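# Results of the structural survey
Single-letter residue listing:
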Amino acid sequence: MNITRRQMLILLPAAAVAWESVLAGTPEAAPNYKMSDHWWGMLIDISKCIGCGNCVRACQTENDVPDGFFRTWVERYNVSDENMTSPTVISPDGGKEGFPVAVEDGEKYFFVPKMCNHCADSPCTQVCPVGATFISPDGVVLIDQTYCLGCAYCVQACPYGCRYIHPQKEVADKCTLCYHRITKGLTTACCEACPTGARQLADLKNPKDPIHEFLKTHNVQVLKPQMSTGAKVFYNDLDGSVR
Amino acid sequence: MSAFKDAGHLFRFAGLFVLAFLVFLVVRHYVVPKSFGEYGHYRGAAIGEIADHPIKFAGHETCEGCHTDILDVKKAGKHAHVNCEACHGALANHADDPSIKPVLPDTAVLCARCHTASAAKPKGFPQVVPADHMGGGAPCETCHNPHSPALDSAPNPTGTPGGAK
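Everything numeric here is computed off the predicted structure, so don't read it as measured data.

Here the focus is the environment of N78 of chain A. Counting through the fold element by element, N78 of chain A comes out in strand 2 (residues 72-79). Leaving out residues up to four positions away in the same chain, N78 of chain A has contacts with P87, T88, E107 and Y109 of chain A.

Read from one edge of the open sheet, 4 strands run 9-1-11-10 (chain A), paired in mixed fashion. Bordering the open sheet on either side are strand 9 (199-203) and strand 10 (220-221) of chain A, each of which pairs with just one other strand.

By the assigned domains, chain B splits into domain 1 (12-51) and domain 2 (60-142). Spacing between the C-alpha centres of domain 1 of chain B and domain 2 of chain B amounts to 53 Å.

All names here are of chain A. Counting buried residues in strand 4 (residues 108-115) gives 7 out of 8 residues, a clear majority hidden from the surface. As paired elements, strand 2 and strand 4 share 8 bridges and run antiparallel to each other. Bridging across to strand 4, V74 finds its partner in P113.

So, on to helix 1 (residues 8-31) of chain B. Taking 1.5 Å of rise per residue, 24 residues should cover 34 Å, and helix 1 of chain B covers 35 Å from first to last C-alpha, within 8% of that figure. Here helix 1 of chain B lies mainly on the outside; 0 of its 24 residues are buried.

What counts and how
- Residues numbered from 1 in each chain as written.
- Chains lettered and ligands numbered in written order.
- Predicted model: local features only at pLDDT ≥ 70, side-chain atom pairs only at ≥ 80, totals over all residues.
- Helix = DSSP H or I, 4+ residues; strand = E, 2+ residues; numbered from the N terminus.
- Contact = placed C-beta atoms within 7 Å.
- Pairing = 2+ DSSP bridges.
- Domains from an automatic or database assignment.
- Buried ≥ 20, exposed ≤ 12 C-beta atoms within 10 Å, placed from the backbone.
- Expected span 1.5 Å × (residues − 1).

What follows is the structure, encoded as structure tokens:
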């Protein structure tokens, strides 16, 4: 076979591209778990939260979260009648060891557990310059810590303050929705440890998940809906003063 | 071939471009991770690596597999929906190797975390002021069985946290 220089020039890059895809191999299939069958979120029922801090402690244990940093934390809101737009919010050590006693004084007090909202249109993944953070096919916002440069763009981009730079690893860190648990049929550590059922893991693609009935029959809200982040942490009984 | 007369320098230039492109492909092949772009603009293998993180909370189904006696007490009581590790802490290591004995939680701290009265807690949730409750000094498990805490449902005269045997 005679190949002219022109044909050779066309063939070489094509062959290189083809060879590359051969080397890449086929993706490894996870046993018994199909990412395309799930779309994860969480339901947080404010009316059930007692501010015990079990979720915060469980998260720190399960995920080796360093002291002083939080993948989930609990805030206590204090809203007075005449000043709803500027509530007093406390979160001593993330609410890890509970809260000081709130004395009945006619004002409104309640707890708000916070965590990554695993947004479907997350601002944090959009700003990553290297493709180190991403939304997995099953809807969990994750970080590839071997790829992260620690530039902290994502830390600034998250409107909910859910990311931090890990003090030892010096890369971004955040809630993984206990990805290592939910892919094995377990619930998250925070849900497992919540004594009142205020936190419920939700699979929005599973038609049998009770989340669908709950969303239909309750007044459920997400945080900062005006930012159109597609947040998938749904709050029941959320007060308008919560930011 | 008269059209390509004196055009050798152009071919050499084009050749350089092609060479540069090939070098780019070779370098790209070595520096871009294999699974990059598998699902999107990220390294697909990272998902599996994150999923490989070790589990610390075994989950209540695992506990209930062995501790059926406690489950029976708990099922009938007010704490039926409180998972084991909510109080006992992460015990996957104990589930994997039962010879690792878990430390019993300190009820003075544990019970108070949830049941200390506070205006911020939901109104229907059972709450006490620990200082005023039974004189303030008695350990909770003197009267309450932690696995079934209502006094009328399961008395705990022996004060053993596992319930009266």
